[in-house]
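Below, each chain spelled out in residue letters.
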Amino acid sequence: MQTRRAPGRSGPARLRNKRLRLPRPRAQRLVQALSLTLFLGLLAAAFANLASPVAENLFLRLDPLVALGTALSARDFPAGIVPGLLVLALAPLLGRLFCGWVCPMGATVDCADALLARRRRLPGSLRQVKYWLLALVLGSALLGVSLVFLAAPMPLLTRLWGLVAYPLAALSMEKALPLMRPVADALDIRTLLFLEIRAPLFATMGFVAVFFGLVFAASRLSPRFWCRYVCPAGASLALLSRRPVWRRRVSEKCIECGKCQRACPMQAIADDPHATRHGECILCRVCAGVCPTGAIDFPVSLPVLDSQIAQPTMAGRRAVLAAGATGAAGLVVGGLGLAAPLQAATVRPPGSAPEDEFLSRCMRCGQCALACPTNIIQPVWFSSGVLGVFSPGLTPVRGFCDPHCHQCGKACPTLAIRPLPLQERVWAKLGTAEVNRETCLAWKDKKKCLVCDEVCPYGAVELKPEPGNPVYVPHVDEKRCAGCGYCEHFCPVRPARAIRVGSKNQIRLSSGSLQSAAQATGLSLSLKQDKTWGIPAGSDEHGLPPGFSPLEESGTPGAGSEPLPPGFSPLEPEPAGGKPSS
């Protein structure tokens, strides 16, 4: 290895190494654009239930904080987090290349910066915030509590695009279709004439929109504000990038004009322009692009001189103390019961792990809700306690859970929801339906109604005679009910359904056969063979079966004026017990 001494500068000799140059910023922008396009394309494929040659949750798997947090909180290394661990392992070599070139969150923030950012130099001590957040997440994970969902970039960005942007775009197109159909009819564009667009809506959409509004507005304070000061995933990479092999270097041609310092979006260049905070540098090469003398390059070099490294701004002891404080806070929260559910247990998607394990694995990305074709999976607020906020739950009012579908299991990279083969999927007992006799049309108003019986794919609803009631009334056979939510979704009583699904008798396993577990408890879950269960043909936008119109509520003025629900003809009651033929 040859050495030479820099003219006009004191200190050790500089090392001459074989160089491997990075592309110019234009190439970095191109890679960023391709990465963001791939991210959005995979989300669109999940949204439209299209087959994809690449795993639709690829970028969730690449998130280093998801990998670290899940491994610690779940005490497991599912295959889905291996790419994230690989990104961490490459950080000592490539620094924060992932942040500057691959991360779609960084590309999204750059787009906002292009419109809003101002070149301001904020106090360097603000960078400690992201290390404190990292300590908070990892400290909690050590106690088995996952807080990854608070600040991991990939789950947050999936929520923005998947649960806010795409549904709003679909809703806009749905509203625009009727306006376009006359043109399509005139031009004989049949695809457009018969096009139907699904526009699901999700809980927490407003919160996510406001959250990202603040993230983007922070660009007014500083470019890449999120990446500089907040992102704990970037902090985890920064800790491993103090002396990267691929890094910025300044030659003796530097005239110390300060242009690189002012242009750096990460404020990674110290007061001495020859020194670099490598933990902050995302290798975007903006500094090299603005340098008037071409003094800056990015070679591959094993030794790193101390004069080339600026003092890092994070305090290791403080981070350790933060982790300890987080652990204590977690114990206090658990001791006070603040983490316990505030209501009855949430009905989870099929294949979900037992609740504690589920919450330790779930990163609240919303990918399962995005992939659900019926919109039944919704982010919940506090029905599972404070620590369960934003986790996915089933809301049958919005949809039903098709026993032949398990897109949610395929979408989850952390195994919070296990992928199930079809035979096992049928045996996933999500909960049990229960009839509210105070609002049911048959029980309260003595009106004939067959809806819950007709739509149940498991045949778990039976109509039986009741003394003093001239019509048959619904009873739920708990041994045959899987909690799929068809009955609740199609119940004509409004606003609160007269039959609702709860988490009673749900079966959730970390491993093993759901069928064996269900049979061991005496369940008999099998699908109807002679029924066209599923979405009833001709069902309207309110989710009602053909011939039904929404009723405000059983017993409301006017509701009792009709002897039967619309579309039904009177049936003669049978004197003996048993279910009438249908």
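The structure under discussion appears in the preceding block.
Residues numbered from 1 in each chain as written. Predicted model: local features only at pLDDT ≥ 70, side-chain atom pairs only at ≥ 80, totals over all residues. Heavy atoms only, no water.

Packing of helix H1 (residues 25–47) against helix H8 (residues 153–187) brings their axes to within 11 Å, and their N-to-C directions diverge by 60°. Compared by their axis directions, H1 and H8 come out oblique. Of the two possible hands of crossing, H1 and H8 adopt the one that is right-handed. Contact residues: H1 offers Phe39, Leu40, Gly41, Leu43, Ala44 and Phe47, while H8 offers Leu157, Thr158, Trp161, Gly162, Tyr166 and Ala170. (Axes fitted to C-alpha atoms, helices over the stretch in contact; angles between N-to-C directions. Helix = DSSP H or I, 4+ residues; strand = E, 2+ residues; numbered from the N terminus. Parallel < 35°, antiparallel > 145°, perpendicular 65-115°, else oblique. Left-handed = near helix turned anticlockwise from the far one by under 90°. Contact = heavy atoms within 4.5 Å.)

Moving on, we come to a nonpolar patch on the surface. Taken together, the side chains of Phe207, Trp381, Phe382 and Val386 make up a nonpolar region of the molecular surface, amounting to roughly 370 Å² of accessible area. As for its placement among the helices and strands, valine 386 is situated in the loop between strand E5 (377–379) and strand E6 (392–394). (Patch = residues over 30% accessible without salt bridge, like charges linked within 9 Å, V, L, I, M, F, W, Y side chains within 5 Å. Areas by Shrake-Rupley, 256 points an atom, 1.4 Å probe, with all protein chains shown as cover. Salt bridge = Lys/Arg side-chain N within 4 Å of Asp/Glu carboxyl O.)

Here we come to the side chain of threonine 108. Along the chain, threonine 108 falls in helix H6 (residues 104–116). For threonine 108, a relative accessible area of 7% gives the class buried. (Buried < 20%, exposed > 50% of the residue type's maximum accessible area, 1.4 Å probe, protein only.)

A few words now on H1. Between its terminal C-alpha atoms H1 stretches 33 Å, which fits the 33 Å expected from 23 residues at 1.5 Å a residue. Taken as a whole, H1 has its buried residues at Gln28, Gln32, Ser35, Leu36, Phe39, Leu40, Leu42, Leu43, Ala45, Ala46 and Phe47. Contacts from the buried residues of H1 go to helix H2 (58–62), helix H5 (97–102), H6, H8 and helix H17 (367–371). Two residues or fewer past H1, asparagine 49 is found with a positive phi of approximately 55°. (Expected span 1.5 Å × (residues − 1).)

This next bit is on the packing of aromatic side chains. Here the structure, examined in full by the defined rule, presents 14 aromatic pairs. Between tryptophan 381 and phenylalanine 382 the ring centres are 6.3 Å apart and the planes differ by 35°, which places this aromatic pair in the tilted class. Classification of tryptophan 381 as partly exposed rests on a relative accessible area of 37%. What makes phenylalanine 382 partly exposed here is its relative accessible area of 40%. Among the aromatic residues, ring-to-ring pairing joins Phe149, Phe207, Trp381, Phe382 and Phe390 into one connected group. (Phe/Tyr/Trp six-rings, centres within 6.5 Å; stacked < 30°, edge-to-face > 60°.)

Moving on, we come to the layout of surface pockets. In this structure, the second largest pocket occupies an estimated 630 Å³ of space. In terms of lining, the second largest pocket is formed by 28 residues, of which the most central are Val347, Arg500, Val501, Gly502 and Ser503. At the level of secondary structure, the elements contributing two or more residues to the lining of the second largest pocket comprise E6, strand E7 (432–435), strand E9 (469–476) and strand E10 (499–502). Here the lining of the second largest pocket takes four residues from E7, the largest share from any one element. Of the residues that constitute the lining of the second largest pocket, the class distribution is 13 nonpolar, nine polar and six charged. (1 Å grid on protein atoms, 1.4 Å probe; cavity = no way out; pocket = protein on both sides within 12 Å on 5 of 7 lines; lining within 4 Å. Points joined across faces, edges and corners; volume = space filled by probe spheres on them. Nonpolar A, V, L, I, M, F, W, Y, C, P; charged D, E, K, R; others polar.)

Turning our attention to helix H7 (residues 128–142). Between its first and last C-alpha, H7 extends 21 Å over 15 residues, near the 21 Å set by a 1.5 Å rise per residue. All buried positions along H7 are accounted for by Gln128, Lys130, Tyr131, Leu134, Ala135, Val137, Gly139, Ser140 and Ala141. Glycine 144, located one to two residues past H7, shows a positive phi value of around 90°.

With that settled, the discussion passes to the nonpolar core. Counting residues in hydrophobic clusters, the biggest one holds 134 residues, and the most contacted among them are Trp226, Ile296, Phe298, Ile377 and Tyr458. In terms of residues, this core owes the most to one element, H8, which gives ten residues. Excluding residues that lie within four positions of it along the chain, tyrosine 458 makes contacts with Pro403, Val426, Arg480, Ala482, Cys484, Leu525, Ser526, Leu527 and Lys528. (Core = buried A, V, L, I, M, F, W, Y, C linked by side-chain atoms within 4.5 Å.)

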